[in-house]
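Listed here are the chains, written in short residue letters.
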Amino acid sequence: MSRPDSRTRESFEEFVAARRQALLRTAYLMTGDHGHAEDLVQAALVKAWPRWARIADRPEPYVRRILAREVTDRWRGRRWREVSTGTLPETTAETRDPTDREVLRRALLELSPRQRAVVVLRYFDDLTEQQTADVLGIGLGTVKSHGREAMARLRELVPDVTDDDVEALDSVAP
Amino acid sequence: MSTLHDRLVDLASDAPAATPDPRLWDRAARFHRRRRAGTAALVAVAVLAVVSLVGIDTWQRSPGVDPAAPGTAPALPARIWEPSGWLPGNDGQPTGPLALLRETERNGWLGSEDGVVAVSATTGEYLFLDLPDDAHRGHALSPDGSKVAYWITGETTGSPQTSDGQDLPVVGIAVWDAESGEVRRHEVETEHGLGIAADPVWADATALVATWGEYRVGDDAPARFQGGFYSGEGLRVWDVAADDAPRLLGLDAEVDAGNGSGQVLLTVDDRPVLDVRTGRRSGPSGRRTDYGWVSALSPDGSAIAFPRSNPGPLLLLRGDGRPDVLIEEDVEEAVGWTDGETVVFATSDPEAVDRDTRLEVVSLATGERRVLVQAGSFQHVPGNLATDLLAVEPRDFPEPDRPWDPRVVAALVGFVTLVAGAWLLGWRRRVEA
């Protein structure tokens, strides 16, 4: 492994400055916790560091793949205790009742980390099933079954999540 | 109603705000340096462990005894140890003069097979003998320890006979020279293989006495024809120092023991001593030969030492008279003579749980006894001891190696590698970014 040069460092720091917030959003949806989300994003960036020179042209897919896999790896290693906080997080959005957000956040936490990752990648990052499978490093069939089970659970926990959500996304899937 | 995507986007707006982190690059560099160092250290420890295990195993398998200085006189070991089944083989290389042979199981990765361990008379080293085409049907060490006679296996002209307790058909006899590593072979053209009734016996350092017969049928014959072999043509003597083939002696008998001076003791009642070079018979008439393989013929062929029963008092027979009692205690066998006036015999404590044989000498003149060799579980039979060396003071050789079972070594190496690999994976996963 060659030592990254100053241009590589520049590229890394530019990416972090530009995309860290987007990564934090995905990480937050996957973990439901501010601290864990920050920790996860930092871990993904640090782990991507040795290969930065090679991925500098298009680093985001690689970083997101690390991030998604880190969630399930950490869950397997029981390094995170998933907790539902009693207090609502600070909010800046004005368009939705904060209680609705908390319901969805708690509902996501009821899913397994892998199911949650599938939901976030499919319905937030708008990846296809195949792209989701590639990012998580699992089979297409597994993505489909996790997606089905996750949506069934979400429909139970969040009454106004409907089949339309699934159909709307499936209609754009290749 | 908004879609799940909209709701997720909305929830994502609760994500923590990204704050500048100018030290992230340096932290990442430090993290990877630490991970690389940890990985290298663990791999180094694992490699060291594996190399140590393999090294110890190789070291144990390599010749563990320094070569004897030129001119070192051969001698019997003062103590005979139980050989390990994992001892190395000589790989056809000469060993120098041998003190004794022990037939024992030779272990391998997939099981064990017949083997013969030789003990060097100059270094005390224990080695399995890798003898070419060894049929493992008996071995005989010459009295001076310089040659090993053995039956050889090979191709028969017809279907071989392997049902009589032998896996490999015998097609001849060979003599391996421990000094040069050369093999002298006498092969017999045989349709079904040779039947062996007794081990060959050395009359002296070059005259080998052997007998064999030919099987009548091979494995493909009907069951009613199976069993037995032609009795052959009797005893043959092979002078391995000459170019001749084994020569028939015109005598159909079994051989008890040789005296190292060209004579053998036959299991016949009348004149049992045979000079194999001249064919002359001598010795007492009417001797009962109930205890074959436990008698010792004096160097001049005039006296026979043997236990009355097995075990029993040690007797000495000279001429045609009644035998004299040499040792009244129970003796297991007469092993040989150191000279015309001293007999070596084997005895052991019958009460001992583990067999602990002693080879003792007794003077005919004074009756004085002393222990010559602590032989442990070794049991003397004609041809497994260099009997000329009974006359030399035994030497204290180092205890032979007991190599580890290589399967255990391989399992340990695998285990260390597996544990190191699992620990490494776990550590790399656990280490915080």
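Residues numbered from 1 in each chain as written. Chains lettered and ligands numbered in written order. Predicted model: local features only at pLDDT ≥ 70, side-chain atom pairs only at ≥ 80, totals over all residues.

Another point: the overall build of chain B. Each helix and strand counted, chain B has three helices and 25 strands in total. Counting all 433 residues of chain B, 38% fall into the buried class. In chain B, 54% of the contacts between residues at least 6 apart in sequence involve partners at least 24 apart. (Helix = DSSP H or I, 4+ residues; strand = E, 2+ residues; numbered from the N terminus. Buried ≥ 20, exposed ≤ 12 C-beta atoms within 10 Å, placed from the backbone. Contact = placed C-beta atoms within 7 Å.)

A few words on the interface of chain B and chain A. In this assembly, 25 residues from chain B lie in contact with 38 residues from chain A. Within the residue set of the side of chain B that touches chain A, elements represented by two or more residues are α1 (4–12) and α2 (24–61) of chain B. Of all the elements, α1(B) adds the most residues to the side of chain B that touches chain A, at eight residues. Among the residues making up the side of chain B that touches chain A, the classes are represented as 15 nonpolar, four polar and six charged. (Nonpolar A, V, L, I, M, F, W, Y, C, P; charged D, E, K, R; others polar.)

All names here are of chain A. Where helix α7 (residues 129–136) contacts helix α8 (residues 140–157), the two axes come as close as 8 Å, and the packing angle between them is 105 degrees. Overall, the two elements α7 and α8 adopt an arrangement that is roughly perpendicular. Where α7 approaches α8, its residues E129, Q130, T132 and A133 are matched on the opposing element by L140, V143 and K144. Split by residue class, the contact of α7 with α8 holds three nonpolar, two polar and two charged. (Axes fitted to C-alpha atoms, helices over the stretch in contact; angles between N-to-C directions. Parallel < 35°, antiparallel > 145°, perpendicular 65-115°, else oblique.)

Turning our attention to α8(A). All names here are of chain A. Under the 1.5 Å per step criterion, the end-to-end length of α8 is 26 Å for 18 residues, consistent within 8% with the ideal 26 Å. Among the residues making up α8, those that are buried are V143, H146, G147, A150, M151 and L154. Buried residues along α8 cover an arc of 130 degrees about the axis, so they all sit on one side. For α8, exposure combined with an orientation more than 90 degrees from the buried face picks out G141, A152 and E156. (Expected span 1.5 Å × (residues − 1). Arc of directions from axis to C-beta.)

For the rest of this paragraph, the subject is the confidence of the model for chain A. Summary statistics for chain A give a mean pLDDT of 81 and a share of 76% for residues scoring 70 or more. The model gives residues 79–95 of chain A a pLDDT under 50, and that stretch makes 17 contacts with residues more than four places away or in other chains. (pLDDT = per-residue confidence, 0-100.)

The subject of this paragraph is the pairing of strand β21 (residues 324–331) of chain B. Residue and element names in this part refer to chain B. Inspection of the sheet shows strand β20 (residues 312–318) paired to β21 by four bridges, in the antiparallel sense. Across the sheet, residue L314 finds its bridge partner in β21, namely I327. If you look at the hairpin formed by β20 and β21, you'll find five residues sitting between the two strands, and G319 has a positive phi there, around 65 degrees. (Pairing = 2+ DSSP bridges.)

All names here are of chain A. At R19, helix α1 (residues 6–31) shows its maximal kink, close to 55 degrees. If you check which residues of α1 are buried, you get F12, V16, R20, L23, L24, R25, T26, A27, Y28, L29, M30 and T31. Remark: G32 follows α1 within two positions and exhibits a positive phi of approximately 70 degrees. (Bend = angle between axes of the 7 residues up to and from the residue.)

Before going further, it helps to spend a moment on the sheet that holds β20(B). Read across the open sheet, the four strands follow the order β18-β19-β20-β21 (chain B); overall the sheet is antiparallel. Only two strands of the sheet have a single neighbouring strand rather than two, namely β18 (296–297) and β21 of chain B.

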